[in-house]
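One letter stands for each residue in the lines below.
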Amino acid sequence: MTTTSNQHKIAILGGGNMGVALAKGLVKSGKYAGNQITITRRNIRALQDLVVQGFTITDNNSQAVREADIVVIAVLPQQLDGLLDSIRDEVNAASHLLISVVSGVSVNDITNRLDKQVQVVRAMPNTAIAIQESMTCLASNNATKENLALVKELFDTVGETIEIHEELMTSATALCACGIAFFLRSIRAASQGGTEIGFHAAEALHMAAQTAKGAAALLLATGNHPEGEIDKVTSPKGCTIAGLNEMEHAGFSSAMIKGIRLSAIKAGDLYVKSN
Ligand SMILES: NC(=O)C1=CN([C@@H]2O[C@H](COP(=O)(O)OP(=O)(O)OC[C@H]3O[C@@H](n4cnc5c(N)ncnc54)[C@H](O)[C@@H]3O)[C@@H](O)[C@H]2O)C=CC1
Ligand SMILES: O=C(O)[C@@H]1CCC=N1
C-alpha cells in the first residue's frame with residue numbers, strides 16, 4: 001500500500017475496550033472519518049451508540065474484511081483462532097494489511113493459522129489511545145517498510161509510537177499496555193492517602209492525577225532522570241524523603257518491578273493455539 005493511511009478503509013474486528021478506543025481515537029484525531037471504519041462484534045447491540053458517530057457496525061467479519069484494506073484484529077488471545085478461521089477465505093495476501101493488537105501472538109502465529117503470507121504488523125497500544133495519548137509499540141517480521149510506515153502513521157494520530165523487535169513485544173505489553181493500570185493504581189493509592197489526611201475523595205483524586213501528570217510531563221519535557229527531579233523535591237530532613245523512604249521500606253519500587261516482570265511472563269503465555 002502506498003497511499004497515506006487516512007485514504008484507507010479500516011475494519012476493526014473485535015469491538016471491545018481496545019477496538020472501540022482505537023476507533024474513537026482515530027476519529028478524534030480528525031484524520032479519519034467514522035465512515036472509513038467498520039467495527040465488528042458478535043453482540044452488536046453493545047455498539048449501537050457508535051452508529052450515530054458514523055461508524056459502520058456489524059457482526060459479519062467476512063464482509064468487513066472484504067470491504068477493507070486495513071484489518072485490525074482486536075479480540076482476546078483465546079478468541080483469535082476462531083476469528084482467523086472465519087476470515088481465512090476473505091484475507092487476500094496481496095491486498096490486505098493486517099494489524100494485530102492481540103497480546104502474546106506473533107506474526108508467524110497469525111500467518112500460520114491463516115496459511116497465507118499476508119503482511120502483519122503487531123501493535124501494542126494502551127487505553128490512553130482514546131485521548132490520543134497512547135504509547136504504542138510496533139513490530140513486524142514480514143511487512144514492507146512502506147506498510148510499517150503506514151501503520152506508524154495511523155498510530156501516530158493517537159499518541160506516540162516506537163518500533164521495536166518482535167521478541168520485545170511481551171515486554172512492551174507489560175511496560176506500556178499493562179502499565180496504564182499500574183500507574184492508575186498508584187494514583188488511586190495516592191488519592192486514598194490524600195483522603196486520609198484531609199481531602200474529599202474526588203478532590204484528592206483530581207489533585208493526585210494532576211500531580212502524576214506533572215511528574216510525567218517533567219520527565220518528557222526535560223529528558224531529565226526521575227532521581228534528578230526527586231532530588232529537587234527532597235529537602236534535607238524534610239517530609240518528602242521521610243515519605244519516600246517509608247514507601248521504599250514497604251517495597252514500593254520492588255513491587256512495581258516484580259509486577260512488571262510477572263506481567264511480561266504472563267503476556268508471553270496468553271495465547272494457547274487451538275486445534
Ligand atoms: N485492554 C487493553 O488495555 C489492551 C488490550 N490489548 C489486546 O487487545 C485485545 C482486545 O482486548 P480488549 O479490547 O481489552 O478485550 P475485550 O474483551 O474488551 O474485546 C474483545 C472483543 O472482541 C469481541 N469478539 C470476540 N470474538 C469475536 C469475533 N469472532 N468477531 C467479532 N468480535 C469478536 C468480543 O465480543 C469483545 O467485544 C486483546 O488481545 C488484548 O490482549 C492490547 C493492548 C492493551
Ligand atoms: O491484561 C491483558 O491481558 C491485556 C493485554 C495488555 C493490557 N490488557
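The protein chain is annotated in an unreviewed UniProt entry as Pyrroline-5-carboxylate reductase from Adhaeribacter radiodurans. According to UniProt, the comment filed for the protein chain under the heading Function (unreviewed entry) is "Catalyzes the reduction of 1-pyrroline-5-carboxylate (PCA) to L-proline." For the protein chain, the Pathway (unreviewed entry) comment in UniProt is given as "Amino-acid biosynthesis; L-proline biosynthesis; L-proline from L-glutamate 5-semialdehyde: step 1/1."

Visitor: Got a minute to help me understand the site of ligand 2 in this structure?
Guide: Every residue near ligand 2 is listed here: Ser103, Thr173, Ala177 and Cys178. Partitioned by chemical class, the residues of the shell around ligand 2 number two nonpolar, two polar and no charged.

Visitor: Help me understand the nonpolar core, please; the structure alone is not making it clear to me.
Guide: The tendency in soluble globular proteins is for nonpolar side chains to be buried side by side. Residues Ile12, Leu13, Val72 and Ile73 are the most contacted members of the largest nonpolar core, which totals 60 residues. Among residues more than four places away in sequence, those in contact with isoleucine 73 are Leu13, Gly14, Leu83, Leu98, Ser100, Val101 and Val102.

Visitor: Help me out: how do you make sense of the site of ligand 1 in this one?
Guide: Near ligand 1, the surroundings consist of 26 residues, among which Gly14, Gly16, Asn17, Met18 and Ser103 are the closest. Looking at the shell around ligand 1, the elements that each hand over two or more residues are α1 (17-28) and α4 (77-87). By residue class, the composition of the shell around ligand 1 is twelve nonpolar, twelve polar and two charged.

Visitor: Teacher, can you tell me more about the UniProt feature "domain: Pyrroline-5-carboxylate reductase dimerisation" (unreviewed entry) in the protein chain here?
Guide: The UniProt record annotates "domain: Pyrroline-5-carboxylate reductase dimerisation" (unreviewed entry) at residues 166-266. As annotated, residues 166-266 has a helix share of 82% and a strand share of 0%, and its two end C-alpha atoms lie 16 Å apart.

Visitor: Mind showing me how you'd approach the sheet that holds strand β4 (residues 70-73) here?
Guide: Backbone hydrogen bonds hold the strands of a sheet together, and the pairing may be parallel or antiparallel. The strand order across the open sheet formed by eight strands is β3-β2-β1-β4-β5-β6-β7-β8, and the pairing between neighbours is mixed. What marks the edges here is a single partner per strand, and that holds for β3 (56-58) and β8 (159-163). When strand polarity is set aside, the average angle formed by the axes of neighbouring strands in this sheet is 25°. Across the face of the sheet, helix α6 (residues 145-156) comes into contact with β5 (97-100), β6 (119-124), β7 (134-139) and β8 while running at roughly 30° to β6.

What counts and how
Each chain carries its own residue numbering, running from 1 in the written order of its sequence. Lettering for chains starts from A, numbering for ligands starts from 1, and both go in the order in which the items are written. With pLDDT at 70 or above as the cut-off, local features in this predicted model cover only qualifying residues; side-chain atom pairs require 80 or more to be listed or tallied, and sums for whole chains, interfaces and linings still use all residues. UniProt positions are given in the numbering used here, feature names are shortened, and annotations may be inferred rather than shown by experiment. Being near a molecule or strand means, for a residue, that its backbone-placed C-beta atom lies within 6 Å of it. Side-chain classes are defined by residue name, with Ala, Val, Leu, Ile, Met, Phe, Trp, Tyr, Cys and Pro counting as nonpolar, Asp, Glu, Lys and Arg as charged, and the others, Gly among them, as polar. Think of a nonpolar core as buried Ala, Val, Leu, Ile, Met, Phe, Trp, Tyr and Cys residues chained together by C-beta atoms that fall within 7 Å. For every residue, the other C-beta atoms within 10 Å of its own C-beta are counted; 20 or more classify it as buried, 12 or fewer as exposed, and values in between as partly exposed. C-beta atoms are placed from the backbone. Once C-beta atoms are placed from the backbone, any two residues with those atoms within 7 Å are in contact. Each helix is a run of DSSP H or I of at least 4 residues and each strand a run of E of at least 2, with the numbering of both proceeding from the N terminus. In short, DSSP must find at least two bridges between two strands for them to pair. Interaxial angles span 0 to 180 degrees and are taken between N-to-C directions of axes, which are lines fitted to C-alpha atoms, for helices over the stretch in contact.

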